[in-house]
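An overview of the molecular structure
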Amino acid sequence: MAQARQPQAIVTVPPQGRASDAIVEQIQQRILSGELAHNTPLPSERDLMEQFSASRTVIREAVAMLASRGFLEARPRYRPIIRKPGFDTALNSVGSIVELMLEQSDGVASLFQSRVFVERGLVRDAATSAGRDDIAALKDALAANKAAIPDSERFFNTDTSFHGVLYQIPSNPIFPTLHAAYASWLSPHWSQMARSAERNEANYAGHLAIYTAILERDPDAAEEALVSHLNEAWKSVRTSFGVAL
């Protein structure tokens, strides 16, 4: 049995707009509605040309724009993969811009300061509202961090995981996505820092102070411990980024 052909779309070009703009809008709506399913290939270029009565050039412009907005994952020699946008899509779409900003003299410092600002709120929230499961997750992450002290690479990963638990506690999907973004943007720079078991011990002590304050339901102490810990960490790594002491 012959496969049913997709109905031809009616493309209305907005005033002073391009044909590709209208195609982008229609494909976006199909992705958002689920008509074009997440994680499946986009219809072929030829099919899209027929559906929209558009040239190859116009379709390629539309596909490039959709990819830049995070609706498609472009793959060399393969059809693009459909991505239904989420908070991670939004952050990924600005990732290349952030990476360029990090090359500026104060870029890493500014991003790190924004992380401190966010985590100050997170530890205060954890100290007042963390549940039993949240405390258990923090305790497990702290134990893994302590066990990794002799192994600096593993310690770095468990350090990231400990802070990641703080982003999970509010049960807001934006925060874990933000943590993943911070890790992605900062880790290449953090990996340049000198590491040692002694420095790992000091960082673990900072984590322990944060955990203890949260366990004691003391938001002021939790914030103070968090700020002290991150400030000390910054002193240890800022020379790796060309930041003057």
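Report on the accompanying structure. (Residues numbered from 1 in each chain as written. Predicted model: local features only at pLDDT ≥ 70, side-chain atom pairs only at ≥ 80, totals over all residues. Heavy atoms only, no water.)

One can find Asn-145 in helix α7 (residues 132-147). Separated by 3.0 Å, the side chains of Asn-145 and Thr-158 make a polar contact. (Helix = DSSP H or I, 4+ residues; strand = E, 2+ residues; numbered from the N terminus. Polar contact = N/O pair within 3.5 Å; in protein donor to acceptor, adjacent residues only side chain to side chain.)

Oppositely charged side chains are able to pair whenever their charged atoms sit close together. One pass over the full model with this rule turns up 10 salt bridges. A salt bridge links Arg-83 to Glu-73, with the shortest nitrogen-to-oxygen separation between them at 2.4 Å. Of this pair, Arg-83 sits in the loop between β2 (78-82) and α4 (87-93) while Glu-73 sits in strand β1 (residues 72-75), and the two are 10 residues apart along the sequence. On the basis of relative accessible area, Glu-73 is assigned to the partly exposed category, the value being 35%. Arg-124 is paired through a salt bridge with Asp-220; the nearest N and O atoms lie 2.9 Å apart. Of this pair, Arg-124 sits in helix α6 (residues 107-129) while Asp-220 is found in helix α11 (residues 219-237), placing the two residues 96 residues apart along the sequence. Of the residues examined, Arg-124 reaches a relative accessible area of 29% and is grouped as partly exposed. (Salt bridge = Lys/Arg side-chain N within 4 Å of Asp/Glu carboxyl O. Buried < 20%, exposed > 50% of the residue type's maximum accessible area, 1.4 Å probe, protein only.)

Relative to the 21 Å expected for 15 residues at 1.5 Å per residue, helix α1 (residues 19-33) spans 22 Å between its end C-alpha atoms, a close match to the ideal helical length. On the buried face of α1, the contacting elements are α2 (45-52), α3 (56-68) and β2. At the C-terminal side of α1, Gly-34 shows a positive phi close to 90 degrees. (Expected span 1.5 Å × (residues − 1). Contact = heavy atoms within 4.5 Å.)

Here helix α10 (residues 197-215) is 19 residues long and its end C-alpha atoms lie 26 Å apart, about the 27 Å a rise of 1.5 Å per residue gives. All of the buried residues in α10 are Asn-200, Asn-203, Tyr-204, Gly-206, His-207, Ile-210, Tyr-211, Ala-213 and Ile-214. Downstream of α10 by a residue or two, Arg-217 has a phi angle that is positive, lying close to 60 degrees.

Let us look at the packing of aromatic side chains. Two aromatic rings are characterised by how far apart their centres lie and by the angle between their planes. One pass over the full model with this rule turns up one aromatic pair. Ring geometry for Phe-112 and Trp-234: centres 5.2 Å apart, planes at 20 degrees, overall stacked. With a gap of 122 residues between them, Phe-112 in helix α6 and Trp-234 in helix α11 connect regions that are remote in the sequence. Exposure class is identical for Phe-112 and Trp-234. Each is buried. (Phe/Tyr/Trp six-rings, centres within 6.5 Å; stacked < 30°, edge-to-face > 60°.)

Side-chain positions along a regular strand alternate between the two faces of the sheet. Relative to β2, β1 is paired through three bridges, and the arrangement is antiparallel. When the sheet's bridge partners are listed, Arg-75 is paired in β2 with Tyr-78. The turn linking β1 back onto β2 is made up of two residues, and Arg-77 within it adopts a positive phi angle of 70 degrees. (Pairing = 2+ DSSP bridges.)

Trp-234 gets classed as buried once you look at its relative accessible area, which sits at 12%. C-alpha of Trp-234 to C-alpha of Ala-109: the two residues are 125 residues apart in sequence and 8.6 Å apart in space.

For Arg-77, which is not glycine, the phi dihedral falls at a positive 70 degrees. Overall, the relative accessible area of 82% leaves Arg-77 in the exposed class. Positive phi, normally seen in glycine, also occurs at Arg-217, with a value near 60 degrees. For Arg-217, the location among the structural elements is in the loop between α10 and α11.

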